[in-house]
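Descriptive analysis of the structure
What follows is the residue order along each chain.
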Amino acid sequence: MAMSVGGDSAEKPMSDINTTPLVDVMLVLLIIFLIAVPVAIQTVKGIKLPSVVFDPTTTKPENVSLSVAGAGGTCQVYWGTTPVTHQELLDRAVAKLKTEIDRQGGPGNPDLELPEAHVRADINTPWRCVAGTIYNMQMAGFAKVGFISQPKGGGA
């Protein structure tokens, strides 16, 4: 890309911008994006993804609040604020579920509402600690085990 300065002093240098290389680059980028977008958006037909909506947690007195922490490779589970071992967690969960079912009229009650387990886990807790807690609660019979998290600031 040279600039024409002319042969004699009366002519001024040419100061127009050569847009041809810019247009060439833009066309090449357009073609690349037209080819790349269908490749990046490959989907399987017939799969419906769930829509994500922020639902505030409804805290019922019968729900179980668990906290999981894992410092130094150890797993510590808290039932409310009381530390429990995995066996104690399983025993307490079975007892809680049995008590709640009996309180609501037994397993034959069509309006039976089982309690939920809400798990709060520290961000640095190893996944095996959280998975073990979920497994124990499911083995006890809790059908709903959910995570409690801190939503990001800035609104929904």
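Here, the structure is the one placed above.
Residues numbered from 1 in each chain as written. Predicted model: local features only at pLDDT ≥ 70, side-chain atom pairs only at ≥ 80, totals over all residues. Heavy atoms only, no water.

Looking only at helices and strands, the protein has three helices and five strands in total. For the protein, the α and β elements follow one another from N to C terminus as α-β-β-β-α-β-α-β. By residue count, 19% of the 156 residues in the protein fall in the buried class. A separation of at least 24 residues holds for 58% of the contacts in the protein among residues at least 6 apart in sequence. (Helix = DSSP H or I, 4+ residues; strand = E, 2+ residues; numbered from the N terminus. Buried < 20%, exposed > 50% of the residue type's maximum accessible area, 1.4 Å probe, protein only. Contact = heavy atoms within 4.5 Å.)

This part covers the pattern of salt bridges. Tallying each qualifying case throughout the model produces three salt bridges. One salt bridge connects K60 with E113, and the closest N-O pair in it is separated by 3.6 Å. Here the residue K60 occupies a position in the loop between helix 1 (20-40) and strand 1 (64-69), and E113 occupies one in the loop between helix 2 (86-103) and strand 4 (117-121), the gap between them amounting to 53 residues. K60 gets classed as partly exposed once you look at its relative accessible area, which sits at 31%. Under the relative-accessibility criterion, E113 is labelled partly exposed at 48%. For R103, the salt bridge is made with E100, and the minimal N-O distance between the two is 2.4 Å. On the criterion of helical spacing, the pair formed by R103 and E100 is a turn pair, its members being three residues apart in helix 2. The exposed category is assigned to R103, whose relative accessible area is 57%. (Salt bridge = Lys/Arg side-chain N within 4 Å of Asp/Glu carboxyl O.)

Side-chain alternation along strand 2 (residues 76-79) places V77 and W79 on a buried face and Q76 and Y78 on a face that remains uncovered. In this antiparallel pair of consecutive strands, strand 1 and strand 2, the connection spans six residues, and G72 shows a positive phi of 65 degrees. Where strand 2 lies against strand 3 (residues 82-84), three bridges are found, and the strand directions are antiparallel. When the sheet's bridge partners are listed, W79 is paired in strand 3 with T82. (Pairing = 2+ DSSP bridges.)

Another aspect to go through is the environment of D122. Among the structural elements, D122 can be located in the loop between strand 4 and helix 3 (127-140). Spatially, the C-alpha atom of D122 lies 6.5 Å from that of V68, the residues being 54 residues apart in sequence. Here N124 takes part through its backbone nitrogen, which lies 3.1 Å from a polar atom of the side chain of D122. (Polar contact = N/O pair within 3.5 Å; in protein donor to acceptor, adjacent residues only side chain to side chain.)

So, on to the pairing of strand 4. In the sheet, strand 1 pairs with strand 4 via five bridges, with the strands oriented parallel. Residue pairing in the sheet places V64 in a bridge with A117 of strand 4. Relative to strand 5 (residues 145-147), strand 4 is paired through three bridges, and the arrangement is parallel. Residue pairing in the sheet places V119 in a bridge with F147 of strand 5. Regarding topology, helix 3 serves as the crossover connection from strand 4 to the parallel strand 5, and that connection is right-handed. (Right-handed = clockwise from strand over helix to strand, strands pointing away.)

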